[in-house]
Amino acid sequence: MPIVESNDVTDPNHMTSTAATASAAPEAAVLVLEDGRIFRGTSYGATGTALGEAVFATGMTGYQETITDPSYARQLVVQTAPHIGNTGVNKDDAESRRIWVAGYIVREAARRPSNWRSERSLDEELAEQGVVGIQGVDTRAITRHLREHKTMRAGIFSGDAVGTDKELLDAVLASAPMEGSRLAEEVSVDEAYIVEPKDWGWDGEPRFTIAAIDLGIKRMTPIRFAERGVRVHVLPATATLADVQAVNPDGFFMSNGPGDPATADNQVKLLRSVLDEKIPYFGICFGNQILGRALGFGTYKLRYGHRGINQPVMDRRTGKVEITSQNHGFAVDAPLDGATQAPEERFGRVEVSHVSLNDDVVEGLSCLDIPAFSVQYHPEAASGPHDAAYLFDRFIELMADASAQSETKTAAAATTSTESKTEDKK
């Protein structure tokens, strides 16, 4: 039987959205978890039905960056910060072309935004983009429940979509689980585009060119490269090795993204081809899981994942602890201690370069015999922190080393050719 929560955390009459008239009462809304737990509140944003995986995000700031992160596709996001929407939304802080969360769950929604950068309320933005939300629920209780029982399928129902508890639970149980979901192609761009360094403050010719696969890329990621003088060709998730080679890249990058990495066979095949070509590689989040799979390791689903901008990670190379931005529900299953031979033996040795200080989850991989590394978190950090920004510089150093080695080999080959011709004349 469903377990019903009475969530009298605030007076609903004081949470009317700015999209509604002052006299209109908010509509009832219900959050139903797949194990039968039910939370009742009022509607926020659009009314209707939202189905997906319920997860919690621990960031105290950056709600606009959160909801526009494509990695949250098909997820109902619970914000642990108790007050959401106070700074409104604007066109500059969006991390992609639209809101990607399937549904939004907050304790107390701001009655009106108050910030000089605000262009409209969060409630209005959610409603315009058809994102169903719920407010006035005990997000602390929801978070504790998900931590204790794991992330699970859920549904938000409001307006005419509200039915009997059994009907709503049946709808949740009929929805697709995250395991086995292939979502990167759904959130990726259809056409390639270029991010130029000159448009982001770089004075002079580009230092390097990279091909970046958009598996759910955040807007700030190619910008962080461009700020450092790197021209970025952003390619769709369906890109082939020929598409990559067509831009003549100095390096190859795979972004964050949603879904189960076990479904990313095409991207794993592409990365193996790139690694065989000895093109330097850097991956973040989903790109870390794809590197793990390309090397022959498995992946698995975490109990409740890492989502927020306050996740502590140890960089084992330096001993430095970084506070990082993360959003992932899957992880790489690789040996934590010391260098090990990759199961795909042609790629040589690999070591776990970064680990989570909360639960020892693999947070980074570094290949020792080929130019490739990755991390499970977001060094572009929108919104913050910026502890991991050095990783962009580390990738530039990797490309510079590869370029220098290539030039050395070319020069050596030219010298050998000249000496051979001289001997032939003799």
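Residues numbered from 1 in each chain as written. Predicted model: local features only at pLDDT ≥ 70, side-chain atom pairs only at ≥ 80, totals over all residues. Heavy atoms only, no water.

For the protein chain, the helix and strand inventory stands at ten helices and 21 strands. The C-alpha atoms of the protein chain give 24 Å as radius of gyration, which agrees with the globular expectation for 426 residues (22 Å, within 12%). Summarising its shape, the C-alpha atoms of the protein chain cover approximately 100 × 45 × 40 Å along the three principal directions. Across the protein chain, contacts joining residues at least 24 apart in sequence account for 75% of those joining residues at least 6 apart. Of the side chains in the protein chain, 42 bear a positive and 61 a negative charge, and the two mean positions are spaced by 2 Å. (Helix = DSSP H or I, 4+ residues; strand = E, 2+ residues; numbered from the N terminus. Rg over C-alpha atoms; globule rule 2.2 N^0.38 Å. Contact = heavy atoms within 4.5 Å. Lys, Arg positive; Asp, Glu negative; His and termini not counted. Charge placed at Lys NZ, Arg CZ, Asp CG, Glu CD.)

The next point concerns the packing of aromatic side chains. Counted under the stated rule, the structure contains eleven aromatic pairs. With centroids separated by 4.9 Å and ring planes inclined at 90°, the aromatic side chains of Phe225 and Phe392 adopt a geometry described as edge-to-face. With Phe225 in helix H6 (residues 220-226) and Phe392 in helix H10 (residues 390-425), this residue pair connects regions lying 167 residues apart in the sequence. With respect to class, Phe225 is no different from Phe392; both count as buried. Within the aromatic cluster, the residues linked to one another by ring pairs are Phe225, Phe253, Phe282, Phe373, Phe392 and Phe395. Between the NZ or CZ atom of Arg98 and the centre of the ring of Trp100, over which it lies, the distance is 3.9 Å. Above the face of the Phe330 ring, Lys301 is positioned so that its terminal group lies 5.7 Å from the ring centre. (Phe/Tyr/Trp six-rings, centres within 6.5 Å; stacked < 30°, edge-to-face > 60°. Buried < 20%, exposed > 50% of the residue type's maximum accessible area, 1.4 Å probe, protein only. Lys NZ or Arg CZ within 6 Å of the ring centre and 35° of its normal.)

Now for the pattern of salt bridges. What the rule picks out here adds up to 22 salt bridges. Taking the shortest distance from any N to any O, the salt bridge between Arg40 and Asp165 comes out at 2.8 Å. Within this pair, whereas Arg40 is found in strand E3 (residues 37-45), its partner Asp165 is found in helix H4 (residues 165-173), the two being separated by 125 residues in sequence. Judged by relative accessible area, which is 23%, Asp165 ranks as partly exposed. Linked through salt bridges whose partners overlap, the residues forming this network are Arg272, Asp276, Glu344 and Arg346. (Salt bridge = Lys/Arg side-chain N within 4 Å of Asp/Glu carboxyl O.)

Mean pLDDT over the protein chain: 92, with 90% of residues reaching 70 or higher. Every residue in residues 8-23 scores below 50 in pLDDT, and together they form 29 contacts with partners more than four places removed in sequence or on other chains. (pLDDT = per-residue confidence, 0-100.)

Close contact between helix H8 (residues 265-276) and helix H9 (residues 286-294) brings their axes to 9 Å; oriented N to C, the two are set at 70°. As summarised for this structure, H8 and H9 are arranged roughly perpendicular, according to the angle between their axes. Residue-level inspection shows Asp265, Gln267, Val268, Leu271, Arg272 and Leu275 of H8 in contact with H9, the latter providing Ile290, Leu291, Arg293 and Ala294. A breakdown of the residues in the contact of H8 with H9 according to their chemical character gives six nonpolar, one polar and three charged. (Axes fitted to C-alpha atoms, helices over the stretch in contact; angles between N-to-C directions. Parallel < 35°, antiparallel > 145°, perpendicular 65-115°, else oblique. Nonpolar A, V, L, I, M, F, W, Y, C, P; charged D, E, K, R; others polar.)

Our next topic: the nonpolar core. Ranked by internal contacts, the top residues of the largest apolar core, which has 37 residues, are Phe252, Met254, Leu271 and Leu275. Within the residue set of this core, elements represented by two or more residues are strand E12 (208-213), strand E14 (251-254), H8, H9, strand E19 (349-356) and strand E20 (362-367). Broken down by element, this core gets its largest block of residues, five residues, from H8. Leave out the neighbours within four places in its chain, and Phe252 touches Ala211, Ile213, Val244, Leu270, Leu271, Val274, Ile279, Pro280, Tyr281, Phe282 and Phe395. Of all hydrophobic cores here, the second largest spans 23 residues; its members include Val234, Ile284, Val313 and Phe395. (Core = buried A, V, L, I, M, F, W, Y, C linked by side-chain atoms within 4.5 Å.)

In summary, the side chains of a regular strand alternate between the two faces of the sheet. Here strand E9 (residues 132-135) shows a buried face lined by Val132 and Ile134 and a second buried face lined by Gly133 and Gln135. Sheet analysis places strand E7 (residues 103-105) next to E9, joined by three bridges and oriented parallel. Following the sheet pairing, Gly103 is matched in E9 by Val132. (Pairing = 2+ DSSP bridges.)

The next point concerns a nonpolar patch on the surface. Taken together, the side chains of Val321, Ile323 and Leu357 define a hydrophobic patch exposed on the protein surface, amounting to about 220 Å² of accessible area. Tracing the backbone shows Val321 in strand E17 (residues 320-333). Judged by its relative accessible area of 41%, Val321 is partly exposed. (Patch = residues over 30% accessible without salt bridge, like charges linked within 9 Å, V, L, I, M, F, W, Y side chains within 5 Å. Areas by Shrake-Rupley, 256 points an atom, 1.4 Å probe, with all protein chains shown as cover.)

Here we come to the side chain of Asp69. Topologically, Asp69 is positioned in the loop between helix H1 (63-67) and strand E5 (75-79). An unpaired buried charge is present at Asp69: no salt bridge exists, and Lys218, the closest side chain of opposite charge, is 4.2 Å distant. Looking at Asp69, its side chain comes within polar contact range of the side chain of Asn256, at 3.4 Å. When neighbours within four sequence positions are excluded, Asp69 is seen to be in contact with Trp100, Gly216, Lys218, Asn256, Asn327 and His378. (Polar contact = N/O pair within 3.5 Å; in protein donor to acceptor, adjacent residues only side chain to side chain.)

Glancing now at H4. Because an α-helix packs 3.6 residues into every turn, residues spaced three or four apart end up facing the same way. Within H4 the residues assigned to the buried category are Leu168, Leu169 and Val172. Down the axis of H4, the buried side of the element spans an arc of 95°, and every buried residue falls inside it. Buried residues in H4 make contact with strand E2 (28-33), strand E4 (49-57) and strand E10 (152-158). (Arc of directions from axis to C-beta.)

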